[in-house]
Amino acid sequence: STTASSPTAKEEQVVNGHDEKDSNPFAEYMWMENEEDFNRQVEEELQEQEFLDRCFQEMLEEEEQDWFIPSRDLPQGMGQLQQQLNGLSVTDGHTSEDILSKSNLNPDAKEFVPGVKY
């Protein structure tokens, strides 16, 4: 009987390190076939991102030019005037009770609504 040369059903025949069932022994390297297309696509994406970054930076610079920044946009003497204006208050030391006691307005009067006749 000659059973030594033929493999059984449970054994797998191996040819050059690959299974016989493996249809394409180079399948794991097939990505290299389109490497140039892949590289071109990645490069285009990087250029697009760089372009968007430049556009965004230019937009921020234009916006910054339109903003009013007192230290930059006012003449030098105006800075002191701005500080003096910030130090002013509306009440000038009078409390609300003082104002109400000197008022000659009628507290019981109806509220004024423009366009309504009483």
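These numbers were taken from a predicted model, which means no experiment stands behind them.

**Re the overall build of the protein**
When helices and strands are tallied, the protein shows four helices and two strands. Ordering the α and β elements of the protein from the N terminus gives β-β-α-α-α-α. Counting only residues that meet the buried cut, the protein has 1% of its 118 residues in that class. Of the accessible surface of the protein, which amounts to about 12,100 Å², a share of 53% is contributed by carbon and sulfur atoms.

**Quick notes on the pattern of salt bridges**
Counted by the stated rule, this structure contains two salt bridges. Note that Arg 40 and Asp 37 form a salt bridge whose closest N and O atoms lie 2.4 Å from each other. Taken together, the residues span about one helical turn, with Arg 40 and Asp 37 both in helix 1 (residues 35-66) at a distance of three residues. Close ionic contact of Arg 54 with Glu 50 constitutes a salt bridge, the shortest N to O distance being 3.3 Å. Residue Arg 54 and its partner Glu 50 are located together in helix 1, separated by four residues, close to a single helical turn. With a relative accessible area of 45%, Arg 54 lands in the partly exposed category.

The rules we used
- Residues numbered from 1 in each chain as written.
- Predicted model: local features only at pLDDT ≥ 70, side-chain atom pairs only at ≥ 80, totals over all residues.
- Heavy atoms only, no water.
- Helix = DSSP H or I, 4+ residues; strand = E, 2+ residues; numbered from the N terminus.
- Buried < 20%, exposed > 50% of the residue type's maximum accessible area, 1.4 Å probe, protein only.
- Areas by Shrake-Rupley, 256 points an atom, 1.4 Å probe, with all protein chains shown as cover.
- Salt bridge = Lys/Arg side-chain N within 4 Å of Asp/Glu carboxyl O.

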